Amino acid sequence: MTTKVSGKRVAVLFSGGPAAGGHNVVAGLKQILGPENTLMGIKAGPKGLLKGNLFEITDDHIQQIINTGGFNFMGTDRTKIEKPEDIDKVKAVCQEYNLDAIVVIGGDDSNTNAAFLAEKLFSDVKEDGSGVQVIGVPKTIDGDLQLGDELPISFGFDTATKIYAEKVGNLLRDTGSSLKYWHFVRLMGRSASHVTLEVALQTHPTIALISEEVRECNITMSEIVDSIANIVIERAKKGLNYGVVLVPEGLIEFIPGFTTMIDDLNDKMAKFKDELSGKNIREQLIFMYSKLTQGHGELLESLPDPIKYKLMANRDEHGNLPVSQIETETMLSSAVKARINELENTIKFDSINHFFGYEARCGASTLFDAAYTYNLGATAGSLILDDRTGYMASLTDLDKGAKPLGIPIASLLDIEIRKGKPAKVIEKALVKLDSPAFIYFDSRRKLWAENDLSNSPGPVQLWGPTSRQLPKTVVLNREYASLEFKFASE
Ligand code: FBP
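In every chain, residue numbers begin from 1 and rise along the written sequence. Thresholds applied to this predicted model are a pLDDT of at least 70 for local features of residues and 80 or more for the giving and counting of side-chain atom pairs; totals over whole chains, interfaces and linings are not thresholded and use all residues. As a rule here, side-chain values cover all heavy atoms of the structure and leave hydrogens and water aside.

1. Some remarks on the site of the ligand
Around the ligand there are 13 residues in total, and Gly-17, Arg-78, Asp-142, Glu-249 and Tyr-358 lie nearest to it. Taking Arg-78, its side chain carries an N or O atom lying 2.9 Å from an oxygen atom of the ligand. A distance of 2.7 Å is found between an oxygen atom of the ligand and a side-chain nitrogen or oxygen belonging to Glu-249. With residues, only the protein chains shown are counted as cover, and all accessible areas are computed by Shrake-Rupley using a 1.4 Å probe. When the ligand sits alone it has 480 Å² of accessible area, and the protein chains cover 85% of it. By residue class, the composition of the shell around the ligand is two nonpolar, five polar and six charged. Residue ranges labeled as domains rest on an automatic or database domain assignment. Both domains that furnish three or more residues to the shell around the ligand are identified here as domain 1 (9–156 + 365–426) and domain 2 (158–357 + 431–461). One heavy atom suffices: a residue is near a molecule or strand as soon as one of its heavy atoms comes within 4 Å of it. Under the rule applied, a polar contact is a pair of N or O atoms within 3.5 Å (in protein, one hydrogen donor and one hydrogen acceptor; residues adjacent in sequence only if both atoms are side-chain atoms). Amino acids are sorted into nonpolar (Ala, Val, Leu, Ile, Met, Phe, Trp, Tyr, Cys and Pro), charged (Asp, Glu, Lys and Arg) and polar (every other residue, Gly among them).

2. A few points about the sheet that holds strand β8 (residues 243–248)
Paired strands, as defined in this entry, are two strands with at least two bridges between them according to DSSP. Strands here mean DSSP runs of E at least two residues long; helices mean DSSP runs of H or I at least four residues long; both are numbered from the N terminus. The strand order across the open sheet built from four strands is β7-β8-β6-β9, with neighbouring strands paired in parallel fashion. With one partner strand each, in any of the chains shown, β7 (207–208) and β9 (351–356) form the two edges of the open sheet. Of the pairings in the sheet, the one linking strand β6 (residues 182–187) to β9 comprises six bridges and is parallel in character. Its bridge partner being in β9, Val-185 is matched across the sheet by His-354.

3. Here's the deal with the nonpolar core
Val-26, Tyr-164, Tyr-372 and Leu-398 are the most contacted members of the largest nonpolar core, which has 100 residues in total. For this core, the leading source of residues is helix α6 (residues 157–178), giving eight residues. Only buried residues count toward a nonpolar core, which is a set of Ala, Val, Leu, Ile, Met, Phe, Trp, Tyr and Cys residues joined through side-chain atoms within 4.5 Å. Any residue under 20% of the maximum accessible area for its type is buried, any over 50% is exposed, and the rest in between are partly exposed; the area is computed with a 1.4 Å probe on protein chains only. Counting 44 residues, the second largest nonpolar core, distinct from the first, contains Leu-209, Phe-272, Leu-276 and Val-336.

4. Some thoughts on the domain arrangement of the protein chain
Segmentation of the protein chain into domains returns domain 1 (9–156 + 365–426) and domain 2 (158–357 + 431–461). Computed over C-alpha atoms, the centres of domain 1 and domain 2 are 32 Å apart. Any two residues having at least one pair of non-hydrogen atoms within 4.5 Å are treated as being in contact. The interface of domain 1 with domain 2 comprises 20 residues on the first partner and 19 residues on the second. Buried surface area refers to the total accessible area, computed with a probe of radius 1.4 Å, that the two partners give up upon joining, counted for both partners together. Here domain 1 and domain 2 share an interface that buries about 1,800 Å² over both sides, 53% of which is from carbon and sulfur atoms. Three residues stand out in domain 1 for area buried against domain 2, namely Arg-78, Asp-142 and Lys-419, and they jointly supply 32% of the buried area on that side. A carboxyl oxygen of Asp or Glu within 4 Å of a side-chain nitrogen of Lys or Arg is what we treat as a salt bridge. Linking domain 1 with domain 2 are zero salt bridges, by the criterion used here. At the boundary of domain 1 and domain 2, one finds six residue pairs in polar contact (both at pLDDT 80 or more). Mapped by element, the contributors of at least two residues to the side of domain 1 that touches domain 2 are α5 (108–120), α16 (367–385) and β12 (413–418). Class assignment of the residues belonging to the side of domain 1 that touches domain 2 gives a composition of four nonpolar, eight polar and eight charged.

5. Some thoughts on the pattern of salt bridges
Throughout the structure, instances matching the rule amount to 26 salt bridges. Close ionic contact of Lys-268 with Asp-264 constitutes a salt bridge, the shortest N to O distance being 2.8 Å. One end of the pair is Lys-268 and the other is Asp-264, both in helix α10 (residues 258–271) and four residues apart, which spans about a single turn. Taken as a pair, Lys-268 and Asp-264 share a single burial class, namely buried. With a shortest N-O distance of 3.2 Å, Lys-348 and Asp-350 are connected by a salt bridge. In this structure Lys-348 comes out as partly exposed when scored by relative accessible area, which is 39%. Owing to a relative accessible area of 35%, Asp-350 belongs among the partly exposed residues under this scheme.

6. Brief notes about the packing of helix α9 (residues 221–237) against helix α15 (residues 328–343)
To describe two helices that pack against each other, one gives the angle between their axes and the distance between the axes. One way to put it is that α9 packs onto α15 with a least axis distance of 9 Å and a crossing angle of 65 degrees. Considering how the two elements wind past one another, α9 and α15 form a crossing that is right-handed. Within the contact between the two elements, α9 uses Met-221, Ile-224, Val-225, Asp-226, Ile-228, Ala-229, Asn-230, Val-232 and Ile-233 and α15 uses Met-331, Leu-332, Ala-335, Val-336, Arg-339, Ile-340 and Leu-343. Of the residues assigned to the contact of α9 with α15, the class counts are 13 nonpolar, one polar and two charged. Helix axes are fitted only over the stretch in contact, all axes being lines through C-alpha atoms; the angle between N-to-C directions runs from 0 to 180 degrees. Rotating anticlockwise by less than a right angle from the far helix to the near helix defines a left-handed crossing, while the corresponding clockwise rotation defines a right-handed one.

7. Re empty space enclosed by the protein
The way it works is a 1 Å grid over only the protein atoms, where trapped points that fit a 1.4 Å probe form a cavity and open points with protein on both sides within 12 Å along at least five of seven lines form a pocket, and then any residue with an atom within 4 Å of a point lines it. Grid points are joined across faces, edges and corners, and a volume is the space filled by probe spheres set on the points. If you walk through the whole model with that rule in mind, you get one cavity of 30 Å³ or more. Roughly 50 Å³ of volume is contained in the largest cavity. Around the largest cavity sit Leu-13, Ser-15, Pro-46, Leu-49, Ile-81, Val-104, Ser-110, Asn-113 and Leu-117, which together line it. If you list the elements that add at least two residues to the lining of the largest cavity, you get α2 (45–51) and α5. Considering every element that reaches the lining of the largest cavity, the biggest residue donor is α5, with three residues. In terms of residue class, the lining of the largest cavity is made up of six nonpolar, three polar and no charged.

Rendered as C-alpha cells:
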C-alpha cells in the first residue's frame, strides 16, 4: 500500500548557464508534488537562495511557462555556496520558509554544490532536529554531465546542438553555393567537445577539431594550423576554395603548452590576487609574465592582445576560465592564413569567423528535451516524496520507455585543482577517443574534408520524421538500436 505524502514544502532553483527544458522540470516537479504539497521558486539562482528570494509557484505559472525555452521564469546565477556563513544563511531561509527540500537544477558545478548542501543540511535545520533534503537535476548544453547508461545526457544538449546544427548546415550550404569563403565557427560547450562532435555528426563539416584528441595526441598549435592549411590547399587544387571549420569553445585549454600555461596562470592569479587588484590589464600582464614558470610567460606574451586580455579575465566562482569570450576561431583563421601564405601564396583564402553560443541555450525545447525534462522534474519530485537526499534525478533507457533513477551525487565527486587549490567536484565527462561516436566521426572526416558531403538538417522539427530523433552521439555511445526516443507514458 502506498501512502500519499502531504504538507511538504519544496523550493526549486536554476543554477549555472540556461538550457532548454528548465521550465518543464519545474512543471514535472509541480505535477508530482500535487496540490497536497507546496512548490516555491527561488529567484536568481543560488544567490537568491542566500537572500531568501522565494515565491510560491502556482498552476497558472505552470500554464504560462510549460514548453517555453529559457530560465527566465526565475533567473539563474553561478554563486557557489560553500562558506560557513553562507550555509547559515541557507539554514535561516529554510527555517523562515519552513522548507523540507530544495531542488537544484544545474550542471556539474551546481550538482557539486547540491551534494555539499545535502551534507550540510542533513540534520539540525528544523526545530525538531531534522534536516532539509537536497536533490539535483542534470542540466547543461555542454553534455559534459553524463554517466554512461545511468545518465545518458544532460538536458538542453539536444536542443542546443540541433539549433547549432541548423546554423552550421546553413553555412555549409551557403559556402557550397557562393564557393568563396572559409567559415571558422566556434561552438559553445566550455571544456568538452560533445557539442562540436554532435554538430559534426549532424552536418558533416569540412573540418571539426576535437579538443580531447588535441590533448591526448599532443597536437601542438602549429600542427593544428598546418593540418587546416593543408586541407585548404588540397581543396583549392580541386577548385574548392571554401569550407567550414568547427572549433570547440574550450580548445585553447587543451592545446599542449597552453594547458599547463593556463593552469599556471589560474594558480598564480589566485596566489597574487591582492597584488593584481588595482592594476590595469597591461600592468597585470607585465606582472604575470615574471611570475609564471619559465616558458609560460613567453607563451602568454606571444599571443594576440585580445586573447591575452581574455585569459586574464576573472574566473567564475567555481574557478572556470570564461572561454566563451576567447576568440580562438579568430586566432586560428589568422594563423592559417599566414601559414598558407608561407606554403602556397597563390591560393585564395577568405575567411569569416563566427561564434555560435548564447543563441541556442534558451531556444524552445525539442520534443526530446521537453519530454525528458518533464520526466526529470517528476523523478526529482518522487525522490523528495520518498524522503531521499543527496541524489541527482536521471532517466535511463531513453530508447525503450525510459526508467527513472536516483544517482547518489557524492559517488560522483573527484579531486580537481580549482583556483589553485584541490577541491572536490563532479568530474566533467569529456569526449572519449575510444567511444563509438568519436570512432564513427574519425571514420568519416577524411571524406568530409575531401568532398562536399554536407548535411543541412534545417530547423528543429516538432513533428515529422526528425522530430523524435535523439542526439546521434547518445545513440552511438549507448548503442541504442534506433535514433528515436521513447518514454513509457506515451
Ligand atoms: P553550464 O555548465 O552552467 O550549463 O554552462 C554552460 C555554458 O553555456 C558554457 O557552454 C559556456 O562556456 C558558459 O556557460 C558561458 O557562461 P556565462 O553564461 O556565464 O557567460
